[in-house]
Amino acid sequence: MATVSEWVEGARLRTLPLAIAPVLIGAGAGLGALGGFSGIILGSTGPGGHPVIPLGAIMLKVLMALFVSLGLQIGSNYANDYSDGIRGTDDVRVGPVRLTASGAAPAHLVKRAAFISFGVAAVAGAALVILSQQWWLIPVGAAAVLAAWFYTGGSRPYGYRAMGEVFVFIFFGLVATLGTAAAVAGGVTLSAVSGAIAIGLFACGVLMANNIRDIPTDREAGKTTLAVVLGDGMARAAYIVLVAAPFVMLMGPIADGHPASVIAILALVLVLHPVRVILSGATGHELIPTIKSTSLAALGFSVLLALGIAL
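In this text, all values refer to a predicted model and were calculated from it rather than measured experimentally.

1. Structural notes on the packing of aromatic side chains
Applying the stated criterion to the full structure yields 12 aromatic pairs. Between the aromatic rings of Tyr-151 and Phe-167, the centroid separation amounts to 5.9 Å while the plane-to-plane angle is 20°, which identifies the pairing as stacked. Placement of Tyr-151 in the loop between helix 7 (137-150) and helix 8 (164-185) and of Phe-167 in helix 8 is noted, with a sequence separation of 16 residues between them. When sorted by exposure, Tyr-151 lands in the same class as Phe-167, which is buried. When the ring of Phe-247 is compared with that of Phe-301, the centres are 5.3 Å apart and the planes differ by 85°; the resulting orientation is edge-to-face. With Phe-247 in helix 12 (residues 232-248) and Phe-301 in helix 15 (residues 288-310), the pair connects residues that are 54 residues apart, well separated along the chain. For the pair Phe-247 and Phe-301, a shared accessibility class is recorded, and that class is buried. Taken together through their ring pairs, the aromatic side chains of Tyr-151, Tyr-158, Phe-167, Phe-171 and Phe-172 make up a single cluster. Against the face of Tyr-160 rests Arg-87, its NZ or CZ located 5.4 Å from the ring centre.

Following this line, the structure appears as structure tokens:
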């Protein structure tokens, strides 16, 4: 039976910054659309003395959005562990040990953990819809759960057909960011869209780094990722583009009237190390820290961008 630490490892904590980052940007964009922190600091009020920015209600919405994103990310990780494990894809791997493939936990328990995580996301999503009255989030949320499961699950998993980056960009970039922004402010702005694209690209960069590491074993297992299609050299070039392009997207918030968003350029410092590792030609276990450092770079970028927009 798997230990608590093994279940925690199975949740793949190094990927969780990618669930937090889009929510932060969405929250920052939503606050910026409502007047930003300046309205809170100055204590501006509307008719009847009510605050222009109901901070308590906003924080509750952001918390629910965070539960949704984390639930989907953890559920996706357990679902991936289960599906790859029963297919034998993880029988030979370079990265951390997987629960199902290693036999540390029975497959049905890993599958149950995935659906419990999806259930948490669904409950939080229902609360977010009720709080925000953004009813369009219901079908989008259902699509996110299905996409998370069929990434490696089902008879024709699209993650085995070089489409993993599409799922990551749409749901952990566009949907998570714009959904949070809409829940907070009732709509989306250029800042929210630019931030959504930026963090979606970062998330794709993390997946690319992971798949560069796994190119030899994925080929052996018959798993066709985008990295496998591109080949090692082109996949590394794609990684560089994916982690550099988000900084170009800063022009969106700046043009949208949030010049302070330029502070997110400081996150370039966090990108330099993983980029050097990728360019060095590192393989196998040498690439594992790169996945974590790219995730943390994405989180740092999101914190700075959210702050810059919300100011």
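2. Things to note about helix 4 (residues 55-87)
Spanning 33 residues, helix 4 covers 47 Å between terminal C-alpha atoms, matching the ideal 48 Å at 1.5 Å per step. Where helix 4 ends, the next residue or the one after it, Gly-88, has phi of about 90°, a positive value.

3. Brief notes about a nonpolar patch on the surface
A cluster of nonpolar side chains, namely Leu-60, Leu-63, Phe-67, Ile-116, Val-120 and Leu-131, defines an oily patch on the protein surface of about 500 Å² accessible area. Contributing elements (two or more residues each) for the nonpolar patch: helix 4 and helix 6 (107-132). Residue classification places Leu-131 among the partly exposed positions, given a relative accessible area of 38%.

4. Focus on the confidence of the model for the protein chain
For the protein chain, mean pLDDT is 91; residues scoring 70 or higher make up 93% of the total. By mean pLDDT, helix 3 (residues 36-42) is the weakest element of the protein chain at 64, and helix 12 is the strongest at 98.

5. Quick word on helix 9 (residues 190-213)
An ideal rise of 1.5 Å per residue puts 34 Å on 24 residues; helix 9 measures up with 35 Å between its terminal C-alpha atoms. Among the 24 residues of helix 9, 21 are classified as buried, and the element is accordingly described as predominantly covered.

6. Observations regarding the nonpolar core
With 81 residues, the main nonpolar core has Phe-167, Phe-202, Met-208, Ile-212, Tyr-239 and Phe-301 as its most contacted residues. Counting residues per element, this core draws most heavily on helix 9, at 13 residues. Excluding its chain neighbours within four sequence positions, the residues that come into contact with Tyr-239 are Gly-205, Met-208, Ala-209, Ile-212, Pro-274, Val-275, Ile-278, Thr-290 and Thr-294.

What counts and how
Residues numbered from 1 in each chain as written. Predicted model: local features only at pLDDT ≥ 70, side-chain atom pairs only at ≥ 80, totals over all residues. Heavy atoms only, no water. Phe/Tyr/Trp six-rings, centres within 6.5 Å; stacked < 30°, edge-to-face > 60°. Helix = DSSP H or I, 4+ residues; strand = E, 2+ residues; numbered from the N terminus. Buried < 20%, exposed > 50% of the residue type's maximum accessible area, 1.4 Å probe, protein only. Lys NZ or Arg CZ within 6 Å of the ring centre and 35° of its normal. Expected span 1.5 Å × (residues − 1). Patch = residues over 30% accessible without salt bridge, like charges linked within 9 Å, V, L, I, M, F, W, Y side chains within 5 Å. Areas by Shrake-Rupley, 256 points an atom, 1.4 Å probe, with all protein chains shown as cover. Salt bridge = Lys/Arg side-chain N within 4 Å of Asp/Glu carboxyl O. pLDDT = per-residue confidence, 0-100. Core = buried A, V, L, I, M, F, W, Y, C linked by side-chain atoms within 4.5 Å. Contact = heavy atoms within 4.5 Å.

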